[in-house]
Amino acid sequence: ANFSEQVVESFPSDISTGIYYGWACVGNGDVHKMVLSIGWNPFYKNTKKSVETHIIHTFKEDFYGEILSIAIVGYIRPERNFDSLEALIAAIQDDIEEAKRQLDLPENLKLKQDNFFRLPGGKIVNN
């Protein structure tokens, strides 16, 4: 789930590029663990900064046009380049496992229930 350029430009300018973990919710659906990449994705040689959210959940349908709410909880590692797609995929899998471990800690798990994720009149997207 990628954020638009307009949303990316609204992020604090002093936020470090890299890989983060936290919670994500589509519409008024369930809150799921997520990994977030902020930066230029050097492997793909992007020329514009992007913010890409990987929700650790399999949805049964697309959710284009829905509101994506995220809460960044912690930092995993800096952004870096990779020698191969396989190395990039392995790093992403490691990031996902680290996010799961961190988000299972009691102090991070309680954030999943925050009222921040309840949108007035929002659509429920659970699948």
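Residues numbered from 1 in each chain as written. Predicted model: local features only at pLDDT ≥ 70, side-chain atom pairs only at ≥ 80, totals over all residues. Heavy atoms only, no water.

Within an unreviewed UniProt entry, the label attached to the protein chain reads riboflavin kinase, and the organism entered is Alectura lathami.

Caption draft 1: The arrangement of the layout of surface pockets in detail. As a volume, the largest pocket reaches approximately 390 Å³. For the largest pocket, the lining is made up of 20 residues, of which Ile-19, Ser-37, Asn-41, Glu-52 and Ile-92 are closest to its centre. When contributions to the lining of the largest pocket are tallied by element, the ones reaching two or more residues are strand E2 (31–39), strand E3 (50–55) and helix H2 (85–103). For the lining of the largest pocket, the element with the highest residue contribution is H2, accounting for four residues. Looking at the lining of the largest pocket residue by residue, the classes come out as 10 nonpolar, five polar and five charged. The space that makes up the second largest pocket amounts to roughly 310 Å³. Residues belonging to the lining of the second largest pocket are distributed by class as follows: seven nonpolar, two polar and three charged. (1 Å grid on protein atoms, 1.4 Å probe; cavity = no way out; pocket = protein on both sides within 12 Å on 5 of 7 lines; lining within 4 Å. Points joined across faces, edges and corners; volume = space filled by probe spheres on them. Helix = DSSP H or I, 4+ residues; strand = E, 2+ residues; numbered from the N terminus. Nonpolar A, V, L, I, M, F, W, Y, C, P; charged D, E, K, R; others polar.)

Caption draft 2: Layout of the packing of aromatic side chains. Taken as a whole and assessed by the stated rule, the structure comprises five aromatic pairs. Both rings, one in Phe-43 and one in Tyr-44, keep their centres 5.1 Å apart while their planes meet at 90°; by these two values the pair is edge-to-face. Relative accessible area serves as the criterion here: at 23%, Phe-43 is assigned to the partly exposed category. Under the relative-accessibility criterion, Tyr-44 is labelled exposed at 52%. (Phe/Tyr/Trp six-rings, centres within 6.5 Å; stacked < 30°, edge-to-face > 60°. Buried < 20%, exposed > 50% of the residue type's maximum accessible area, 1.4 Å probe, protein only.)

Caption draft 3: Geometry of the pattern of salt bridges. Taken as a whole, this structure holds five salt bridges when the rule is applied. We note a salt bridge from Asp-104 to Lys-33, for which the minimum N-O separation is 2.6 Å. Here Asp-104 is found in the loop between H2 and helix H3 (106–109), whereas its partner Lys-33 is found in strand E2, with 71 residues between them in sequence. Exposure remark for Asp-104: the relative accessible area of 45% places this residue in the partly exposed category. What makes Lys-33 buried here is its relative accessible area of 19%. Residues Lys-100 and Glu-97 are paired through a salt bridge, measuring 3.4 Å at the closest nitrogen-oxygen approach. (Salt bridge = Lys/Arg side-chain N within 4 Å of Asp/Glu carboxyl O.)

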